[in-house]
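# A closer look at the structure
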Amino acid sequence: MALIDHDFNIYYNKASDPLNSFYIPALSTSVKYDRSAGFFSSTALAVAAEGVARLIENHGHMRLLVGADLSEEDVKAIISGHQLASIVENNLLAHFNDPIDALHQKRLEVLAYMIAENMLEIKVVVPKDDHGNPIPASLCADYYHPKSGVFTDQSGASVGRS
């Protein structure tokens, strides 16, 4: 099956159930998924687990571009010498729930598997001032928070959603 074989709508709203009528079918027939989002959590993988499982079966690749929500304390720590990557990593990990049950544990295992197999690439957007220093989210006029994605199947056909 290919993306062209699905009867996707031009527009989706909550009533049209975009998860089941768009995301899962699109992920299921894709080999590539590129997404921009304000933040990332493993919950997103759990919600679309059926589609993500198919993307994995298709030997697919997911690339995510996500925003970083830095606090004023984070920025002070970075300016005083702490590593930006470590601060951003801690902030991203804060969006993950502790694996208190089997479903949460599996969600994190899938995430770890995708990263280990080079099926998932995550890049983080950090707002900076004119001197290259990070800016806390509370002072940013334009926090990085787009929501769009492009799915590509084996034939190279693509479909997007914002």
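In the block above lies the structure referred to throughout.
The rules behind each value
- Residues numbered from 1 in each chain as written.
- Predicted model: local features only at pLDDT ≥ 70, side-chain atom pairs only at ≥ 80, totals over all residues.
- Heavy atoms only, no water.
- Buried < 20%, exposed > 50% of the residue type's maximum accessible area, 1.4 Å probe, protein only.
- Helix = DSSP H or I, 4+ residues; strand = E, 2+ residues; numbered from the N terminus.
- Contact = heavy atoms within 4.5 Å.
- Pairing = 2+ DSSP bridges.
- Axes fitted to C-alpha atoms, helices over the stretch in contact; angles between N-to-C directions.
- Core = buried A, V, L, I, M, F, W, Y, C linked by side-chain atoms within 4.5 Å.

## So, helix H1 (residues 18–28)
Along an α-helix, residues three or four positions apart point the same way, because every turn accommodates 3.6 residues. For H1, the buried fraction is high: eight of the eleven residues fall into the buried class. Taken together, the buried positions of H1 are occupied by Pro18, Phe22, Tyr23, Ile24, Pro25, Ala26, Leu27 and Ser28. Contact partners of the buried residues in H1: strand S1 (32–37), helix H3 (49–57), strand S4 (148–152) and strand S5 (158–161).

## Points about the sheet that holds S1
Reading across the sheet, the five strands line up as S3-S2-S1-S4-S5 and stay open at both edges, with mixed pairing between neighbours. Bordering the open sheet on either side are strand S3 (120–125) and S5, each of which pairs with just one other strand. Across this sheet, the average inter-strand angle for adjacent strands is 10°, counted without regard to direction. Where S4 meets S5, four bridges bridge the pair, whose relative direction is antiparallel. Bridging across to S5, Phe151 finds its partner in Val159.

## Some remarks on the pairing of strand S2 (residues 61–67)
Bridge analysis of S1 against S2 gives six bridges, and the strand direction is parallel. Bridge pairing links Arg35 to Leu64 in S2. Bridge count for S2 against S3 is six bridges, and the pairing is parallel. The residue bridging Gly67 from the neighbouring strand is Val125, located in S3.

## Observations concerning the nonpolar core
Residues Phe22, Leu27, Val52, Met62, Met114 and Phe151 are the most contacted members of the largest nonpolar core, which totals 21 residues. Contributing elements (two or more residues each) for this core: H1, H3, S2 and helix H6 (102–116). Sort the elements by how many residues they give to this core and H1 lands first, with four residues.

## Notes on unusual backbone geometry
One non-glycine residue with positive phi stands out, namely His59, at about 55°. Counting through the fold element by element, His59 comes out in the loop between H3 and S2. Within the chain, Asn118 stands out as a residue other than glycine whose phi angle is a positive 55°. Counting through the fold element by element, Asn118 comes out in the loop between H6 and S3. A relative accessible area of 60% means that Asn118 is categorised as exposed.

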